[in-house]
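What the coordinates show
Chain by chain, the residues run as shown.
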Amino acid sequence: MVDPRCRTHVPGVILAGGLSRRMGQSKAATLLAGKPMLDHILARLLPQVSALAINSNAGLTHRDFPTIADAVEDHPGPLAGIARATQFARTVPDARHVLTVPVDTPFLPHNLAAALLGAQPGNDAVVLACSNGRMHPVIGLWPVMLAEQITHWLQNPQNRKLMVFLQTLNVVSVDFADVETAIGPVDPFFNVNTPDDLAQAEHYLKALQS
Ligand SMILES: Nc1nc2c(ncn2[C@@H]2O[C@H](COP(=O)(O)OP(=O)(O)OP(=O)(O)O)[C@@H](O)[C@H]2O)c(=O)[nH]1
């Protein structure tokens, strides 16, 4: 049985390195129930990880956590953030994997890290979260030993699609159930990309709290 609020030995990185074009403003700074979305993710993730960093390319800084920018300059996509996450994890003693989560999924499970680790990944396996039959390629455990491989892969501008890279790896997935709320089930990886999604998330948050 997994402790629902379990701190693990895995470091985590919040991926906030995208352009937030559909939101029209930084998703990290976008207010959800009066609080920046970054704070919602921090509140969910921090109790689960051994160390934490924020991947951002917008000059974001944080009082308590290091911020790390992509090594590649032209916003090649989330794989660049995952590359930085594996590099960050190499600075954490004994880390074999790093957990990545996007800044726009405010209902992340409290047992995300523990449940992914429950798949007992070897040093070479990627463990991705799955809900409602959909795999979430930016929510998962990445082996630290992939750092060089990802960096090398990104050097070729044709090679930037995360899904294509994943096809070259040993990938395991872990299913997560919907969260039951007063208004019905909510996907724990509900993604806030647009102002409409934000309104929906406000609605879900109220239902979760009621
Ligand atoms: N480091 C890094 N992360 C990225 C990049 N593009 C997207 N991401 C991250 O990947 C996750 C999924 O990104 P999307 O929602 O597809 O893209 P986005 O830039 O956030 O939003 P849109 O511009 O509206 O597509 C988010 O956590 C983003 O911050 C990038 O070029 N570099």
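Residues numbered from 1 in each chain as written. Predicted model: local features only at pLDDT ≥ 70, side-chain atom pairs only at ≥ 80, totals over all residues. Heavy atoms only, no water.

As a further point, take the packing of aromatic side chains. A complete count under the given rule lists five aromatic pairs for this structure. Ring plane angle 70° and centroid distance 6.2 Å describe the contact between Phe107 and Tyr204, whose orientation is recorded as edge-to-face. Here Tyr204 lies in helix H6 (residues 195-209) and Phe107 lies in the loop between strand S6 (97-102) and helix H3 (112-117), a separation of 97 residues in the sequence. The exposure classification of Phe107 matches that of Tyr204, with both residues buried. With centroids separated by 5.0 Å and ring planes inclined at 55°, the aromatic side chains of Trp153 and Phe165 adopt a geometry described as tilted. Here the residue Trp153 occupies a position in helix H4 (residues 147-154), and Phe165 occupies one in helix H5 (residues 162-166), the gap between them amounting to twelve residues. Both residues of the pair, Trp153 and Phe165, count as buried. (Phe/Tyr/Trp six-rings, centres within 6.5 Å; stacked < 30°, edge-to-face > 60°. Helix = DSSP H or I, 4+ residues; strand = E, 2+ residues; numbered from the N terminus. Buried < 20%, exposed > 50% of the residue type's maximum accessible area, 1.4 Å probe, protein only.)

Time to look at the site of the ligand. Residues in contact with the ligand amount to 21 residues; listed here are only the nearest, Leu15, Leu19, Arg21, Asn55 and Asp70. Contacts to the ligand include Gly18, whose backbone N or O atom sits 3.0 Å from an oxygen atom. At 2.9 Å, a backbone N or O of Gly77 approaches an oxygen atom of the ligand. Here the ligand has 610 Å² of accessible area as a free molecule, and 87% of this is covered by the chains. Where the shell around the ligand is concerned, the elements lending two or more residues are strand S1 (12-16) and helix H2 (78-89). The residue inventory of the shell around the ligand, partitioned by class, reads seven nonpolar, nine polar and five charged. (Near = heavy atom within 4 Å. Polar contact = N/O pair within 3.5 Å; in protein donor to acceptor, adjacent residues only side chain to side chain. Areas by Shrake-Rupley, 256 points an atom, 1.4 Å probe, with all protein chains shown as cover. Nonpolar A, V, L, I, M, F, W, Y, C, P; charged D, E, K, R; others polar.)

Another point: the UniProt feature "domain: MobA-like NTP transferase" (unreviewed entry) in the protein. UniProt tags residues 12-163 as "domain: MobA-like NTP transferase" (unreviewed entry). Helix and strand shares over residues 12-163 are 24% and 26% respectively, and the end C-alpha atoms of the span are 21 Å apart. (UniProt positions renumbered as here; feature names shortened; annotations may be inferred.)

Within the element layout of this structure, Asn132 appears in the loop between strand S7 (125-131) and strand S8 (134-143). With sequence-adjacent residues up to four places away left out, Asn132 is seen in contact with Asp178 and Asp187. Polar side-chain contacts of Asn132 include one of 2.9 Å to the side chain of Asp178. (Contact = heavy atoms within 4.5 Å.)

Moving on to the pairing of S6. The buried count for S6 comes to six of six residues, which makes it a mostly enclosed element. Along S6, one buried face is formed by His97, Leu99 and Val101 and the opposite face, lined by Val98, Thr100 and Pro102, is buried too. Here four bridges tie S1 to S6, and the two strands are oriented parallel to one another. In the sheet register, Val13 faces S6, and the bridge partner there is Thr100. Two strands pair when backbone bridges link them, and S6 and S8 are joined in this way by four bridges, in the antiparallel orientation. The residue bridging Leu99 from the neighbouring strand is Leu141, located in S8. (Pairing = 2+ DSSP bridges.)

It is worth spelling out the nonpolar core at this point. Ranked by internal contacts, the top residues of the largest apolar core, which has 55 residues, are Ile14, Leu99, Val101, Leu112, Leu116 and Trp142. The greatest single-element share of this core, amounting to seven residues, is contributed by H2. Sequence-distant contacts of Ile14, defined by excluding residues within four places in its chain, comprise Leu38, Ile41, Leu42, Leu45, Leu52, Ala53, Ile54, Asn55, Val101 and Val103. Membership of the second largest hydrophobic core comes to eleven residues, among which are Met37, Val192, Leu198 and Tyr204. (Core = buried A, V, L, I, M, F, W, Y, C linked by side-chain atoms within 4.5 Å.)

This part is about the environment of Gly122. Mapped onto the secondary structure, Gly122 falls in the loop between H3 and S7. Sequence separation of Gly122 and Pro11 is 111 residues, and the distance between their C-alpha atoms is 16 Å.

Interaxial distance between H2 and H4 falls to 9 Å at its minimum, and their mutual angle equals 150°. The pairing of H2 with H4 is recorded here as roughly antiparallel in orientation. Relative to H4, the crossing made by H2 is left-handed. Of the residues in H4, those touching H2 at Leu79, Ala80, Ile82, Ala83, Thr86 and Gln87 are Ala147, Ile150, Thr151, Trp153 and Leu154. Class assignment of the residues belonging to the contact of H2 with H4 gives a composition of eight nonpolar, three polar and no charged. (Axes fitted to C-alpha atoms, helices over the stretch in contact; angles between N-to-C directions. Parallel < 35°, antiparallel > 145°, perpendicular 65-115°, else oblique. Left-handed = near helix turned anticlockwise from the far one by under 90°.)

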